[in-house]
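An overview of the molecular structure
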Amino acid sequence: MEQEEDKFIYSIKGSIGSGLKALLNSSNKPYYILEQRSSTKYYRAGKMHAILVDELLIGSDSKCSMRYINNKKFTMIDAIQSAIVRSDDGWKYIRMSKQYSTFVNGQRVETEHKLENGDQIAVAQDGPYIGFHIPTGRKAELKSISLSNRLALFGWQALRPYRTALIISSILLILIIAVILWLIISN
């Protein structure tokens, strides 16, 4: 189910904003689960990841929440290969790489594909493979995930793309506070 729409641009609202909503208002915020179907450097096959954010980057770059490294087994993964984004009526998988292909249920994704429960995503032509699942019943509510787990997921999914900026901002804030304190003490 290919669609041609405006080019997706990763945003703070879709990552940090939606992550904060998942922490503060867990009763009615939708989420999904990604099942690792291939063992990789960072993940083992069978591992399930609850995804709280509305925008998730997939690729080899360290700012991607789902990170896969090119190696002998998986050879065609771009820095930012693809993204999974919340849409009005669910979730869509967006191809970001201009160089490498990506697939849903064996069909090449040209621009984007509306995701359905049970879809299999091939991040690149030769994998890795991910299962897409939408929880049902009591598990469909974010409150079924403990606050401490939601907090850990928030750090991994929402803050990771901004890690460098957050570190630099924190260092600058500490330096500014130190200078202000030094000025107060020295006067």
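Residues numbered from 1 in each chain as written. Predicted model: local features only at pLDDT ≥ 70, side-chain atom pairs only at ≥ 80, totals over all residues. Heavy atoms only, no water.

Some remarks on the overall build of the protein chain
- Helix and strand content of the protein chain: three helices and twelve strands.
- Principal axes of the C-alpha set define a box for the protein chain whose edges measure 70 × 40 × 35 Å.
- Burial statistics for the protein chain: of 187 residues in total, 43% are counted as buried.
- Taking the intrachain contacts of the protein chain between residues at least 6 apart in sequence as the baseline, contacts between residues at least 24 apart amount to 53%.
- Summing over all exposed atoms, the protein chain offers an accessible surface of approximately 10,500 Å²; the carbon and sulfur share of this is 59%.
- Measuring between centres, the 24 positive side-chain charges of the protein chain sit 10 Å from its 17 negative side-chain charges. (Helix = DSSP H or I, 4+ residues; strand = E, 2+ residues; numbered from the N terminus. Buried < 20%, exposed > 50% of the residue type's maximum accessible area, 1.4 Å probe, protein only. Contact = heavy atoms within 4.5 Å. Areas by Shrake-Rupley, 256 points an atom, 1.4 Å probe, with all protein chains shown as cover. Lys, Arg positive; Asp, Glu negative; His and termini not counted. Charge placed at Lys NZ, Arg CZ, Asp CG, Glu CD.)

Quick look at the pattern of salt bridges
- Tallying each qualifying case throughout the model produces six salt bridges.
- A salt bridge links Arg95 to Glu110; its shortest N-O distance comes to 3.9 Å. In this pair, Arg95 sits in strand β7 (residues 90-95) while Glu110 sits in the loop between β9 (107-108) and β10 (112-115), placing the two residues 15 residues apart along the sequence.
- The class of Arg95 is buried, set by a relative accessible area of 13%.
- Note that Glu110 is salt-bridged to Arg108, the shortest N-O span being 2.7 Å.
- Judged by its relative accessible area of 43%, Glu110 falls in the partly exposed class.
- Look at Arg108 and you get partly exposed, because its relative accessible area is 37%.
- Salt bridges linked by common partners bring Arg95, Arg108 and Glu110 together as one network. (Salt bridge = Lys/Arg side-chain N within 4 Å of Asp/Glu carboxyl O.)

Remarks on the pairing of β10
- The alternating pattern of β10 places Glu112 and Lys114 and His113 and Leu115 on opposite faces, both of which are buried.
- Strand direction decides the pairing type here: β7 and β10, joined by four bridges, are antiparallel. Bridging across to β10, Ile94 finds its partner in Glu112. (Pairing = 2+ DSSP bridges.)

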